[in-house]
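Notes for the structure review
Listed below, chain by chain, are the residues.
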Amino acid sequence: MQHDIAWPGSVRPGGRTARVREAVLQVTGDLLAERGLAGLDLTEVAATAGVGKTTVYRRWRTPAGLVADLLVDMAEQSLPRTDTGALLDDLTANARLVAKTLTDPRQGNLFRAVIAAATVDADTANALHAFYDTRLDEWAPCVHDAVARGEAPAGTDARAVLSAVSAPLYYRLLASGDPIDREAADRAARAATVATMAGTFVDAAYADQRS
């Protein structure tokens, strides 16, 4: 599902406007990682970033607007998908990237804060969904290419495959507290690859058409 929403500040600016956006979003991420959404105050963001308060209120309007644009920026700055020519290796690269992000002191805390905020704030939830749509779209070709190579059955749902890779790692972050290490990442990739090759993630509508 695509989220074609023009979030406040989501249009890529240039020049001084770009520098203002970069400074504001850097402070936004720092405060989110440190305090969560409840500790995100537009006046403080403006002062810390060295930006006029009026500019911040006019452009982003609310803390949720800041979070939405931060997620847009994070999606834009994320590394492109890996293309190794093999499904297992591609999914392993994806899992290791997720693990690296979630174990980063700043990024891990930031994602905890955003996910927590998304459970109670609809705008933050929509922004988070849009962020993951962007990342899933970026990595989907590794599954499509696997289908073309015969490594995965036709009709495989790329989104379901990639979600199966990252889900165990997010579970460790948010629920179990188990370590998010390379072993955990590689295990998640292997499990998703085996399930993919077995047809677990073939889209139900496609399967019905073929039956």
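Residues numbered from 1 in each chain as written. Predicted model: local features only at pLDDT ≥ 70, side-chain atom pairs only at ≥ 80, totals over all residues. Heavy atoms only, no water.

So, the overall build of the protein chain
Applicable threshold: Here a helix means four or more residues in a row that DSSP labels H or I, a strand means two or more in a row labelled E, and each is numbered from the N terminus. When a residue's accessible area, from a 1.4 Å probe over protein chains only, is under 20% of the maximum for its type it is buried; when over 50% it is exposed; and in between it is partly exposed. Between two residues, a contact is recorded if the distance between any of their heavy atoms is within 4.5 Å. Reported accessibility uses the Shrake-Rupley method at a 1.4 Å probe radius. Residues are deemed covered only where the shown protein chains occlude them. Only four residue types enter the tally: Lys and Arg on the positive side, Asp and Glu on the negative side; His and the chain ends are excluded. Taken as the charge location is NZ of Lys, CZ of Arg, CG of Asp or CD of Glu.
Along its length, the protein chain carries ten helices and zero strands. Along the protein chain, helices and strands appear, N-terminal first, in the series α-α-α-α-α-α-α-α-α-α. Taken over 211 residues, the protein chain has a buried fraction of 44%. Sequence separation of at least 24 residues holds for 71% of the intrachain contacts in the protein chain that already meet a minimum separation of 6. As displayed, the protein chain has an accessible area near 10700 Å², and 53% of this comes from carbon and sulfur atoms. For the protein chain, the distance from the average position of its 22 positive side-chain charges to the average position of its 27 negative side-chain charges is 5 Å.

Points about the pattern of salt bridges
Quick note on the threshold: Within this document, salt bridges are pairs made up of a side-chain nitrogen of Lys or Arg and a carboxyl oxygen of Asp or Glu, the two lying within 4 Å of each other.
For the structure shown, the criterion picks out twelve salt bridges. Arg-21 is the partner of Glu-76 in a salt bridge, and the nearest nitrogen-oxygen pair spans 3.8 Å. Here Glu-76, found in helix 4 (residues 63-77), pairs with Arg-21, found in helix 1 (residues 15-35); they are 55 residues apart in sequence, far enough to count as distant. Put simply, Arg-159 and Asp-133 hold a salt bridge, and the shortest N to O gap is 2.7 Å.

Points about the side chain of Thr-124
Inspection of the secondary structure assignment puts Thr-124 in helix 7 (residues 122-149). On the basis of relative accessibility, which here comes to 0%, the residue Thr-124 falls in the buried class. The residues contacting Thr-124, other than those within four sequence positions of it, are Leu-37, Ala-64, Val-67, Val-114, Ala-117 and Ala-118.

So, the environment of Val-114
Mapping Val-114 onto the fold places it in helix 6 (residues 105-118). Taking relative accessible area as the criterion, Val-114 reaches 1% and is therefore assigned buried. Sequence-distant contacts of Val-114, defined by excluding residues within four places in its chain, comprise Leu-32, Val-67, Leu-71, Thr-124 and Leu-128.

Description of the layout of surface pockets
The condition that has to hold: Cavities and pockets are found on a 1 Å grid laid over the protein atoms alone: a cavity is a set of points where a 1.4 Å probe fits but cannot escape, a pocket is an open set with protein on both sides within 12 Å along at least five of seven lines, and a lining residue has an atom within 4 Å of such a point. Grid points are joined across faces, edges and corners, and a volume is the space filled by probe spheres set on the points. Three categories are distinguished: nonpolar for Ala, Val, Leu, Ile, Met, Phe, Trp, Tyr, Cys and Pro, charged for Asp, Glu, Lys and Arg, and polar for the others, with Gly belonging to the last.
In this structure, the largest pocket spans a volume of roughly 930 Å³. In terms of lining residues, the largest pocket is bounded by 36 residues, among which Met-74, Ser-78, Thr-101, Phe-111 and Phe-131 are the most central. Those elements that provide at least two residues to the lining of the largest pocket are helix 1, helix 4, helix 5 (87-103), helix 6, helix 7 and helix 8 (158-176). When its residues are assigned to classes, the lining of the largest pocket shows 18 nonpolar, nine polar and nine charged.

Section: the environment of Leu-71
Looking at where Leu-71 falls in the secondary structure, it is placed in helix 4. By relative accessible area, which is 2% here, Leu-71 ends up buried. C-alpha of Leu-71 to C-alpha of Cys-142: the two residues are 71 residues apart in sequence and 23 Å apart in space. The contacts of Leu-71, once residues within four sequence positions are left out, are Val-114, Ala-127, Leu-128 and Phe-131.

Quick word on the packing of helix 1 against helix 3 (residues 53-60)
Worth spelling out the cut-off: To get an axis, a line is fitted to the C-alpha atoms, and for a helix only the part in contact is used. The angle between two axes follows their N-to-C directions and goes from 0 to 180 degrees. Our angle categories are set so that under 35 degrees counts as roughly parallel, over 145 as roughly antiparallel, 65 to 115 as roughly perpendicular, and the remainder as oblique.
Between helix 1 and helix 3, whose axes approach to 12 Å, the crossing angle comes to 90 degrees. With respect to their mutual orientation, helix 1 and helix 3 come out roughly perpendicular. On the side of helix 1, the interface is formed by Thr-17, Val-20, Arg-21, Val-24 and Leu-25, while helix 3 contributes Thr-55, Val-56, Arg-59 and Trp-60. Its residues assigned to classes, the contact of helix 1 with helix 3 comprises five nonpolar, two polar and two charged.

Things to note about the packing of aromatic side chains
Inclusion rule: Side-chain rings of Phe, Tyr and Trp (the six-membered ring for Trp) are treated as a pair once their centres are within 6.5 Å; stacked means planes under 30 degrees apart, edge-to-face means over 60, and tilted covers the remaining angles.
Under the criterion given, the structure shown has four aromatic pairs. On the basis of an interplanar angle of 55 degrees and a centroid distance of 5.8 Å, the ring pair of Phe-111 and Phe-131 is categorised as tilted. Taken together, the residues span a long stretch of sequence, with Phe-111 in helix 6 and Phe-131 in helix 7 at a distance of 20 residues. Assigned by exposure class, Phe-111 and Phe-131 land together as buried.

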